Amino acid sequence: MKKMVKILVSLMVLLMVAPNTVNAQADQVIDREKEVVIGFDDTFAPFGFKNEEGEHVGFDLDLAAEIFERMDVEFKFQPIDWSMKETELNTGNIDMIWNGYSITPEREKVVLFSAPYIENRQIIIVPVDSEVVSKVDLAGKVLATQEQSASLEAILADEEFVQTLGSDPVTYATFVEVFSDLNNGRVDAIVVDETLASYFLEQNGSAADYRILEDNFGEEEYGVGFRKVDEEFVKEFNETLAEIIEDGTFKEIKANWFTEIESEEE
């Protein structure tokens, strides 16, 4: 009898909770009739950052403007704490994560990604006069990167390498701080997105002060992160992105931000 009572109580609880859960998820589905909110790190040049006039600019902002104009959707970019990006998304504070957001297996567990739109590598940078020429030379050294980043995920995935370091990787809220500590000599090397590093070093005229190691932590792709319940919106988003790539508009937008970097690599 007591067992039956427990079962009935459990069923009542489920009936009370389930509708609330469904409603909560439904409330978070993107409403294309309202302004969608895009969460981004406003220090991640050239994808999304503040220029000298304090305006938010970048490749991802320009691409979003083109996509959402074609989809007839109003949008705005909202700076967020990058370490809290998935939480911000799944609590409904933002509708998507879009800012050089690497597609990784761990993130795919909690986020619905758009089709990938750009390739990237996680590279290792050292001062030009450093004796470090490979991963092996980093044994006992101090390595830095951004907290809750794909760079950190890539480092930690190489468990054998991590065990050779002098300490756990040092992490900072932004890649600006990561570069600052390398400049100040507080760390021996940093791991960053190649796309960001190339732009950052070029714009600051400091490329000659550093070396990029041949060793790296792997190739990856960037995508836009949505909630799992937004399949229909993402389907239309991917179709629009494909159109922009096919008609050459994507290439034109990319050239505004990456021409100098790509011509150097050729």
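It should be emphasised that the depicted structure is a prediction, and the values quoted were computed from it without experimental measurement.

Trainee: Requested: an account of the packing of aromatic side chains, with residues and values cited.
Mentor: Applying the stated rule across the entire model yields 23 aromatic pairs. Look at Phe 49 and Trp 257: their rings are 6.0 Å apart centre to centre, the planes differ by 85 degrees, and that puts the pair in the edge-to-face class. Taken together, the residues Phe 49 in strand S3 (residues 48-50) and Trp 257 in helix H10 (residues 249-265) connect sequence positions 208 residues apart. When its relative accessible area of 13% is taken as the criterion, Phe 49 is described as buried.

Trainee: Give me the lowdown on the pairing of strand S8 (residues 118-127), citing residues and values where you can.
Mentor: Consecutive side chains of a regular strand alternate in pointing toward one face of the sheet and then the other. Across the 10 residues of S8, 7 count as buried, placing the element largely inside the fold. Sheet topology note: the S8/strand S12 (residues 210-222) ladder contains 8 bridges and is antiparallel. When the bridges of S12 are listed, Arg 121 appears paired with Glu 219. Sheet topology note: the S8/strand S11 (residues 189-193) ladder contains 4 bridges and is antiparallel. Pairing of Gln 122 across the sheet is with Asp 193, part of S11.

Trainee: Any details on helix H2 (residues 59-71)? Residues and values, ideally.
Mentor: With 13 residues, H2 ought to run about 18 Å at 1.5 Å a step, and its terminal C-alpha atoms sit 18 Å apart, in line with that. Along H2, the residues that are buried comprise Phe 59, Asp 60, Leu 61, Leu 63, Ala 64, Ile 67, Phe 68 and Met 71. With its phi angle positive at about 60 degrees, Asp 72 sits one or two positions after the end of H2.

Trainee: So what's going on with the nonpolar core? Residues and values would help.
Mentor: Formed by 49 residues in total, the largest nonpolar core has its most connected members in Phe 59, Phe 68, Met 96, Trp 98, Tyr 117 and Ile 125. The element that contributes the greatest number of residues to this core is H2, accounting for 7 residues. Both domain 1 (36-119 + 221-256) and domain 2 (120-220) contribute no fewer than three residues apiece to this core. Excluding its chain neighbours within four sequence positions, the residues that come into contact with Phe 68 are Val 36, Ile 38, Val 73, Phe 75, Met 96, Trp 98, Phe 233 and Phe 237. Val 132, Leu 138, Leu 143 and Leu 165 belong to the second-largest nonpolar core, a separate cluster that totals 14 residues.

Trainee: Can you break down a negative patch on the surface residue by residue, with the values?
Mentor: Residues Asp 31, Glu 33, Glu 35, Asp 72 and Glu 74 make up a contiguous surface patch of negative charge. Within the secondary structure, Glu 74 is located in the loop between H2 and strand S5 (75-79). Residue classification places Glu 74 among the exposed positions, given a relative accessible area of 57%.

Trainee: So what's going on with the pattern of salt bridges? Which residues, and what values?
Mentor: For side chains bearing opposite charge, pairing can occur when the charged atoms are close. In this structure the tally under the stated criterion is 12 salt bridges. Between Glu 86 and Arg 107 there is a salt bridge, with the nearest N and O atoms lying 3.9 Å from each other. Linking Glu 86 in helix H3 (residues 85-90) with Arg 107 in helix H4 (residues 105-108), this pair joins segments that are 21 residues apart in sequence. This pair shows no difference in class: Glu 86 is buried, exactly as Arg 107 is. Residue Lys 135 is joined to Asp 158 by a salt bridge in which the shortest nitrogen-to-oxygen separation is 3.4 Å. Of this pair, Lys 135 sits in the loop between S8 and strand S9 (143-146) while Asp 158 sits in the loop between helix H5 (150-157) and helix H6 (159-162), and the two are 23 residues apart along the sequence. By relative accessible area, which is 24% here, Asp 158 ends up partly exposed. Each member of the salt-bridge network shares a partner with another, and the members are Lys 85, Glu 86, Arg 107 and Glu 153.

Trainee: How would you summarise the side chain of Thr 249 if you had to cite specific residues and measurements?
Mentor: Along the chain, Thr 249 falls in helix H10. When sequence neighbours within four positions are dropped, the list of residues in contact with Thr 249 reads Glu 66, Arg 70 and Ile 244.

Trainee: Please give an account of the pairing of S9 that cites residues and values.
Mentor: Here S9 pairs with S11 via 2 bridges, running parallel. For Ala 144, the partnering residue across the bridge sits in S11 and is Ile 190. Where S9 and strand S10 (residues 170-172) come together, 3 bridges link them in parallel fashion. Bridge pairing in S10 links Thr 145 to Thr 171.

Trainee: Quick rundown of the side chain of Gln 146? Include the residues and the values.
Mentor: Take Gln 146: it is sitting in strand S9. Of note is the side chain of Gln 146, whose polar atom sits 3.2 Å from the side chain of Asp 41. There is a polar contact of 2.8 Å between the side chain of Gln 146 and the backbone oxygen of Ala 173. Not counting residues up to four positions away in its chain, the partners in contact with Gln 146 are Asp 41, Trp 82, Leu 152, Thr 171, Tyr 172, Ala 173, Thr 174, Phe 175 and Val 178.

What counts and what doesn't
Residues numbered from 1 in each chain as written. Predicted model: local features only at pLDDT ≥ 70, side-chain atom pairs only at ≥ 80, totals over all residues. Heavy atoms only, no water. Phe/Tyr/Trp six-rings, centres within 6.5 Å; stacked < 30°, edge-to-face > 60°. Helix = DSSP H or I, 4+ residues; strand = E, 2+ residues; numbered from the N terminus. Buried < 20%, exposed > 50% of the residue type's maximum accessible area, 1.4 Å probe, protein only. Pairing = 2+ DSSP bridges. Expected span 1.5 Å × (residues − 1). Core = buried A, V, L, I, M, F, W, Y, C linked by side-chain atoms within 4.5 Å. Domains from an automatic or database assignment. Contact = heavy atoms within 4.5 Å. Patch = residues over 30% accessible without salt bridge, like charges linked within 9 Å, V, L, I, M, F, W, Y side chains within 5 Å. Areas by Shrake-Rupley, 256 points an atom, 1.4 Å probe, with all protein chains shown as cover. Salt bridge = Lys/Arg side-chain N within 4 Å of Asp/Glu carboxyl O. Lys, Arg positive; Asp, Glu negative; His and termini not counted. Charge placed at Lys NZ, Arg CZ, Asp CG, Glu CD. Polar contact = N/O pair within 3.5 Å; in protein donor to acceptor, adjacent residues only side chain to side chain.

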